[in-house]
Amino acid sequence: ASSWAAVRVCMGRPQPRGRRSATERLPVHKPAPPPASEPLRQRFLRYLCSRFYDIESLVDWSAKLHFKNLRRKNAFQGQERWFRAERHGTFNSDFLQFRDVPVEAIDLAGSVVNYHGLDNLVKLTALKSLDLSRCPNVDEWALSRLHVFAETLEELSLAGCPQVTERGLACLQQLENLRRLDLSHLPAVPCQGLLRILVEEMLPGCEVVGLDSGAQTSQEEEVPA
Amino acid sequence: MGWSVAYWLKCLETRKGALQVAVIEKDPTYSKASTVLSVGGIRQQFSLPENVQMSLYSAFFLRTINEHLGVVNEPPIDIQFNPLGYLFLASEDGAAILEENVHVQRDQGAKVSLLSPTQLKKKYPWLNTDGVAVASYGLENEGWFDPWALLHAFKRKAISMGVYSCHGEVTSFTTSSTELLTPERELTLSRINYVHVQMPNSLENQPVECSLVVNAAGCWSGKLAEMAGVGIGSPNTQDEIKLPVEPRKRYVYVWHCPDGPGLACPTVIDTTGTYFRREGIGGNYLGGLSPTEEEEPDIQDLKVDHSFFQEKIWPKLAHRVPVFESLKVRSAWAGYYDYNTFDQNAVLGSHPLVENMFFITGFSGHGLQHSPAAGRAMAELILEGKFKTICMEKFSFNRFITGEPALERNII
Ligand SMILES: Cc1cc2nc3c(=O)[nH]c(=O)nc-3n(C[C@H](O)[C@H](O)[C@H](O)COP(=O)(O)OP(=O)(O)OC[C@H]3O[C@@H](n4cnc5c(N)ncnc54)[C@H](O)[C@@H]3O)c2cc1C
């Protein structure tokens, strides 16, 4: 069983199928404004919120701050708005309005989603962006299920997943449309420099973040002082 | 197989300690055992629904292995699973069969995709698609893992549940028999009462009393069955029918090719039957090919014939993957398939005449991956008298008597 309290769903505008041009589908993926420039306190809060969802709901201003961050993250994706679970894991009722709108982004950072939890996602056939960073239960078996998003997924973050190994990374080749892959802080991946080369070779046209050379910058991003 | 059956017997026994199970092993280093000499692959791409079901069950088992085989206060099991599918290539002639197989696999719930040569070329630019009409790729629950880790995990768990591990070689059985008069002829039914175990480095022969025997001796199971009188009776009777399982030597070669297919190289099964896959991340690959019936090598020892690679395998590899032109062989080994000469499929179930000998053998190159499912089926049959999870009636010994093969097309 997996907890879904940390799920945030971002919806795209309903679009007639097949109308999306190639350029539309490839937004310029500038990484989010580097949070490193934020004051330490904010960074620390951001870190806490992303780890412990109850903190957000208990401390209101913290949630607002978080929301702001998310919206900011949103802007560069050219998408409309993010939905996130409320205090008890339920969603606001206007969420229902969007029943027919395809979900384009899911942020499961820090959640306990596992192989079975992905059952809930595999039907999202328009998913473009998936954040699985710091998910302790994402392993090679879970990664092997991501092929269902092969046609649409453009952005994937596995940063800080303790169980992701080089064995699991190999099956990401199925994700043909991937444009950005965050692989920073993967403690179980050996020979990171070599692996970066291998992953880049396997996914031409995809920007790989992390693994050796990228590790330094993302370190600042992830871990608060 | 033996340890899997032992584990499942203990797992499914109705009362704790109801069964006493001993696993008798002549070579605890497993120097010749197929299990540790295999290449560790698991796939769903078979042509028989039962085999697909066994693979699906085994994949589930391996994914949740720590829930089954975890032992308190011992480190968790890591079977080093590599989730890359099998890529079966079919020529014009084989295309229809491949598609038919894929339908069977999908009906059973396996996730398998079909690829045209164009799609193939796009996905695997290093592949030469000449002569390929269609390909199938297993999207989930396929890949390879560490056979040692699985064997060790079964053994550790079974021992922790009270299974005896016995070092020695089974050399003979003591049986008792009853004559049965049927309208057509006289039948001799027999039961094994004692298993005689030759202790290592000694002449001592220890009789072990038993109520039933599970023959999980892999490629040597035909020999073991013979010791119990299977297949040595008078001609033209059922007594004459042997367990058709024998050792067949298979070579595995490891080569280095730094510019090879790279990280996403799946297990490719060429139209010629040649297979290869990536091994580790250092630019190594491994592969092999089953020899034709005429080329079958001598099985006395496990020596490797290097000319077989040079003459039979390399040209085919280099044709399919042109960069393999420049490969360098690093090492090689050989192992025995527990080869079922009748239909290349498992033999699961008891013998009709030697009533209390149960077979779990004859997997012909796909036994490692089926061990969790087959072990469970065997335990169900022993404890409940019938298969519960997956029906494996098709694999019973009776098919050798009726002469109806359960043919598996996808033998590598
Ligand atoms: C090169 C190669 C590649 C393979 N690749 C794969 C693969 O990718 N995927 C897959 O699923 N399968 C594969 N296999 C097949 C797989 O290895 C076998 O089907 C499986 O391991 C059989 O297991 P087993 O326990 O029946 O036999 P074994 O592992 O051989 O065990 C039998 C044991 O019985 C013992 N024994 C025999 N006779 C006696 C006796 N008289 N007294 C006491 N002990 C005895 C032996 O010492 C041995 O340890 C491969 C096999 C080979 C050779």
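Residues numbered from 1 in each chain as written. Chains lettered and ligands numbered in written order. Predicted model: local features only at pLDDT ≥ 70, side-chain atom pairs only at ≥ 80, totals over all residues. Heavy atoms only, no water.

How do you make sense of the nonpolar core when you look at a structure like this?
Soluble globular proteins tend to pack their nonpolar side chains together in the buried interior. Within the largest apolar cluster, 71 residues are counted, with the highest numbers of intra-cluster contacts made by L130(A), L156(A), L87(B) and W255(B). Among the elements of the structure, β3 (103-107), α5 (140-143) and α7 (192-202) of chain A together with β3 (86-90), β5 (134-138), β12 (245-256) and α9 (306-320) of chain B are those that each provide at least two residues to this core. Those residues in contact with L130(A) that lie beyond four places of it in its chain are I106(A), L108(A), L121(A), L146(A), F149(A), L153(A), E155(A), L156(A) and S157(A). Counting residues in each nonpolar core, the second largest holds 52 residues, with Y30(B), L37(B), L348(B) and L381(B) among its members. (Core = buried A, V, L, I, M, F, W, Y, C linked by side-chain atoms within 4.5 Å. Buried < 20%, exposed > 50% of the residue type's maximum accessible area, 1.4 Å probe, protein only. Helix = DSSP H or I, 4+ residues; strand = E, 2+ residues; numbered from the N terminus. Contact = heavy atoms within 4.5 Å.)

Looking at this structure, I do not really get the domain arrangement of chain B. What am I missing?
Many authors give the size of an interface as the accessible area that is lost as the parts come together. All names here are of chain B. Domain boundaries assigned for chain B yield domain 1 (1-43 + 61-73 + 144-244 + 343-411) and domain 2 (247-340). Between domain 1 and domain 2, the C-alpha centre-to-centre distance is 30 Å. At the interface, 23 residues of domain 1 touch 18 residues of domain 2. At the junction of domain 1 with domain 2, the criterion picks out zero salt bridges. Elements represented by at least two residues in the side of domain 1 that touches domain 2 include exactly α2 (34-37) and α11 (398-402). (Domains from an automatic or database assignment. Salt bridge = Lys/Arg side-chain N within 4 Å of Asp/Glu carboxyl O.)

I'm lost on the packing of helix α1 (residues 2-12) of chain B against helix α10 (residues 367-384) of chain B in this one. Help?
Working note: a packed helix pair is described by the angle between its axes plus the distance between those axes. Residues and elements named next belong to chain B. Running from N to C, α1 and α10 point in directions that differ by 50 degrees, and their axes come no closer than 8 Å. Here α1 lies oblique to α10, going by the angle between them. With respect to the hand of their crossing, α1 and α10 are arranged in right-handed fashion. Seen from α1, the contacting residues are S4, V5, W8, L9 and L12; seen from α10, they are S371, P372, G375, R376, M378, A379, E380, I382 and L383. Grouping the amino acids of the contact of α1 with α10 by side-chain chemistry returns nine nonpolar, three polar and two charged. (Axes fitted to C-alpha atoms, helices over the stretch in contact; angles between N-to-C directions. Parallel < 35°, antiparallel > 145°, perpendicular 65-115°, else oblique. Left-handed = near helix turned anticlockwise from the far one by under 90°. Nonpolar A, V, L, I, M, F, W, Y, C, P; charged D, E, K, R; others polar.)

It is not clear to me how the UniProt feature "domain: FAD dependent oxidoreductase" (unreviewed entry) in chain B should be interpreted in this structure. Could you clarify?
Annotation from UniProt places "domain: FAD dependent oxidoreductase" (unreviewed entry) at residues 1-381 of chain B. Taken end to end, residues 1-381 of chain B is 28% helix and 28% strand, and its two terminal C-alpha atoms sit 15 Å from one another. (UniProt positions renumbered as here; feature names shortened; annotations may be inferred.)

Please explain the packing of helix α3 (residues 49-63) of chain B against α10(B) as it appears in this structure.
Residues and elements named next belong to chain B. Their axes nearest at 7 Å, the elements α3 and α10 cross at an angle of 100 degrees. With respect to α10, the axis of α3 lies roughly perpendicular. Note on element contacts: α10 touches α3 through Q369, H370, P372, A373, A374 and R376, opposite N51, M54, S55, Y57, S58 and F61. Its residues assigned to classes, the contact of α3 with α10 comprises six nonpolar, five polar and one charged.

When you look at the sheet that holds strand β10 (residues 205-209) of chain B in this model, what are you seeing that I'm missing?
Strand pairs in the sheet, formed through backbone hydrogen bonds, run parallel or antiparallel to each other. Residues and elements named next belong to chain B. Taking strand neighbours across the sheet as the criterion, the three strands line up as β8-β9-β10 in an open arrangement whose pairing is antiparallel. Two strands bound the open sheet, and with one partner strand each, they are β8 (169-181) and β10. Recorded for the sheet is a direction-independent mean angle of 35 degrees between the axes of neighbouring strands. As judged from the twelve bridges shared by β8 and strand β9 (residues 186-198), these two strands associate in the antiparallel manner. Paired with T175 across the two strands is I192, which belongs to β9. (Pairing = 2+ DSSP bridges.)

For this particular structure, what's the right way to read helix α5 (residues 95-107) of chain B?
Residues and elements named next belong to chain B. With 13 residues, α5 should reach 18 Å at 1.5 Å per residue; the first-to-last C-alpha distance of 18 Å fits that figure. Every buried residue of α5 is listed here: A95, L98, N101, V102 and Q105. Each buried residue of α5 sits inside an arc of 125 degrees when the element is viewed along its axis, so together they form one side. Away from the buried face of α5 by more than 90 degrees, exposed residues A96 and D107 are located. In this fold, the buried residues of α5 make contact with α3, β3, β4 (112-115) and β5. One or two steps after α5, the chain reaches G109, where phi turns positive at roughly 100 degrees. (Expected span 1.5 Å × (residues − 1). Arc of directions from axis to C-beta.)

Explain the interface of chain A and chain B to me, please; I cannot follow it from the model alone.
Every contact between the two is made by 22 residues of chain A and, on the other side, 21 residues of chain B. Note on chain A versus chain B: buried area summed over both sides is about 2100 Å², and carbon and sulfur give 60% of it. Looking only at chain A, the three residues that lose the most surface to chain B are W141(A), R167(A) and Q174(A), adding up to 35% of its buried area. In this structure, the connection of chain A to chain B is made through three salt bridges. R167(A) is paired through a salt bridge with D78(B); the nearest N and O atoms lie 3.8 Å apart. In this assembly, chain A and chain B are joined by seven residue pairs in polar contact (both at pLDDT 80 or more). Taken together, the elements giving at least two residues each to the side of chain A that touches chain B come down to α5, α6 (166-169) and α7 of chain A. (Buried area = accessible area lost by both parts, 1.4 Å probe. Polar contact = N/O pair within 3.5 Å; in protein donor to acceptor, adjacent residues only side chain to side chain.)

Help me understand the site of the ligand in this model?
Residues and elements named next belong to chain B. The local shell around the ligand holds 32 residues, among which M1, E25, T35, G41 and Q369 are the closest. One nitrogen or oxygen atom from the main chain of G41 is found 2.8 Å from an oxygen atom belonging to the ligand. Between the ligand and the protein, one listed contact pairs an oxygen atom with a side-chain N or O atom of D338 at 3.0 Å. Across the complex, the protein chains shield 95% of the 1000 Å² of accessible surface that the ligand would expose by itself. If you list the elements that add at least two residues to the shell around the ligand, you get β1 (22-25), α2, β8, β16 (328-340) and α10. Considering only residue class, the shell around the ligand consists of 16 nonpolar, twelve polar and four charged. (Near = heavy atom within 4 Å. Areas by Shrake-Rupley, 256 points an atom, 1.4 Å probe, with all protein chains shown as cover.)

I'm lost on the pairing of β3(B) in this one. Help?
Put simply, side chains in a regular strand alternate between the two faces of the sheet. Residue and element names in this part refer to chain B. Within β3, five of the five residues are buried, which leaves the element mostly enclosed by the surrounding structure. Here β3 shows no split at all, with Y86, F88 and A90 on one side and L87 and L89 on the other all buried. Sheet analysis places β3 next to strand β13 (residues 267-269), joined by three bridges and oriented parallel. Note that in β13 the partner of F88 across the bridge is I269.

Looking at this model, I keep getting lost on the sheet that holds strand β14 (residues 275-279) of chain B. Mind explaining?
Residues and elements named next belong to chain B. Across the sheet, eight strands lie side by side as β4-β5-β3-β13-β14-β15-β12-β16; this open sheet has mixed pairing. Lying at the two open borders of the sheet, with one neighbouring strand each, are β4 and β16. The average angle at which neighbouring strand axes cross in this sheet is 20 degrees, direction not considered. With four bridges joining them, β3 and β5 adopt antiparallel strand pairing. By the bridge assignment for β5, A90 is matched with V134. Here α9 sits on the sheet and contacts β3, β12, β14, β15 (284-288) and β16; the angle it forms with β12, its principal contact strand, is near 60 degrees.

Teacher, can you tell me more about the environment of N114(A) here?
By secondary structure assignment, the location of N114(A) is in the loop between β3 and β4 (129-131). Assessed through its relative accessible area of 19%, N114(A) is described here as buried.

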